[in-house]
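A closer look at the structure
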Amino acid sequence: MANQQEPTPEFNERCLAVIQQWSSGALPYAEASQALIELGREAARDDLPVDQGRVEQLLGYMLGYRGRLNDAIYHYERARAHYARVNNQRRMAICDLNMGEAFRYKGDFKRARRLFERAYETFSRTADLESQAMAIGNKGQMLLSLGQIEAARADLLEGRRLALQIPPDSLDRSGLLCEIHHALTALYLQTGDLDSAKQEALAAYQIAQAAPQPLERGFANRAIAEILTAGVTLSSGFAADPDHYYRVANEAFQEIHAEGEMARTMFLQARSLARRGRRMTAARKLQLAMVIFSRLGMVDDAARAAEAQLEMIAARTAPTSSV
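Now for a look at the structure at hand.

Cut-off values and rules
- Residues numbered from 1 in each chain as written.
- Predicted model: local features only at pLDDT ≥ 70, side-chain atom pairs only at ≥ 80, totals over all residues.
- Heavy atoms only, no water.
- Helix = DSSP H or I, 4+ residues; strand = E, 2+ residues; numbered from the N terminus.
- Rg over C-alpha atoms; globule rule 2.2 N^0.38 Å.
- Buried < 20%, exposed > 50% of the residue type's maximum accessible area, 1.4 Å probe, protein only.
- Phe/Tyr/Trp six-rings, centres within 6.5 Å; stacked < 30°, edge-to-face > 60°.
- Axes fitted to C-alpha atoms, helices over the stretch in contact; angles between N-to-C directions.
- Parallel < 35°, antiparallel > 145°, perpendicular 65-115°, else oblique.
- Left-handed = near helix turned anticlockwise from the far one by under 90°.
- Contact = heavy atoms within 4.5 Å.
- Nonpolar A, V, L, I, M, F, W, Y, C, P; charged D, E, K, R; others polar.

Turning our eyes to something else, we now look at the overall build of the chain. Along the chain, the regular secondary structure elements total 15 helices and zero strands. For a compact globule of 323 residues, the expected C-alpha radius of gyration is about 20 Å, and the chain comes in at 20 Å, within 12% of that figure. By principal-axis analysis of the C-alpha atoms, the chain measures approximately 85 × 35 × 35 Å. Scored against the burial criterion, the 323 residues of the chain give a buried share of 54%.

In structure tokens form, the structure reads like this:
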């Protein structure tokens, strides 16, 4: 039994049931975490390293979304070690992918890129379409944050192409697509292609309407808020106020305690408010976002927030000329 390479089907279903309850907001994080810990003890008693790895991987997954990056990395490393005991290369690569995402949030882009590329190569060999899409999509988001627009565009479009081939009943398909559409929205806004940004944001919103899970709703509503901030006009079925969509996005991420994404939503809303002349409210939200980024160890995001704060101060104190 110790050499079994894949998680026991019934055990895996029990693990995924916990994650689905947590991601839908039906099960609080503390209870979900404890349920997984109990499953891990069961796997250890049965001497099933791959089942133990599955539990550690999912604990890392939840902690990553909560922004507890160092704790997430710890569990992913433990999961990878369990998978290595049975030489499960694909699941080892999944841990690489997730650790890469944590290091991206920490601002360690060199290590993140190495992990993303190593994971992508393994997924290509093992024909794991879903994980391939995640790996190249995450790398594209990292390149976007580095300002490497054309390389980011290529990776994000490839991630979207792969994600669209994932079977519709896959657990992560809709969330992955919403995240990629959100990233492409941001990319097209940066390049001034408002029509493409609008298409990507609406695509995310349509998916979230069909699969109204917290993660999907969070990314989709944030994308809509961003294009409204940029002055894009939507149909009469949409509110004209970007703050409505930032609020819905924040509430969605709050349901699963995704503190990192909540802080990113505050940061983007602060920039939007400043653009609309509401600088005092923007400054308060920006300060709160900086505190959360710093507490979570999200170094790159904290630096961006600090830069935005300096720009806001400079704009407020700049001398005005008269004619």
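Now, onward.
Enumeration over the complete set of coordinates arrives at six aromatic pairs. Their ring planes at 80 degrees and their centres at 6.2 Å tell us that Trp 22 and Tyr 61 sit as a pair that is edge-to-face. Highlighted residues: Trp 22 in helix 1 (residues 9-23) and Tyr 61 in helix 3 (residues 49-65), separated in sequence by 39 residues. According to the relative accessible area criterion, Tyr 61 is partly exposed, its value standing at 22%. For the ring pair Phe 219 and Phe 253, a centre distance of 5.4 Å and an interplane angle of 75 degrees mean the geometry is edge-to-face. Here Phe 219, found in helix 11 (residues 214-229), pairs with Phe 253, found in helix 12 (residues 242-255); they are 34 residues apart in sequence, far enough to count as distant. The two residues Phe 219 and Phe 253 agree in class, both being buried. Linked through ring pairs, Tyr 205, Phe 238 and Tyr 245 together constitute an aromatic cluster.

Moving on, we come to the packing of helix 3 against helix 4 (residues 69-85). At a closest axis distance of 8 Å, the pairing of helix 3 and helix 4 adopts a crossing angle of 160 degrees. Overall, the two elements helix 3 and helix 4 adopt an arrangement that is roughly antiparallel. Seen from above, helix 3 lies across helix 4 with left-handed handedness. Mapping the contact onto sequence places Pro 49, Val 50, Gln 52, Gly 53, Arg 54, Glu 56, Gln 57, Leu 59, Gly 60, Tyr 61, Leu 63 and Gly 64 in helix 3 and Leu 69, Asp 71, Ala 72, His 75, Tyr 76, Arg 78, Ala 79, His 82, Tyr 83 and Arg 85 in helix 4. Of the residues contributing to the contact of helix 3 with helix 4, the split by class is ten nonpolar, seven polar and five charged.

Purely geometric numbers; function is a separate question.
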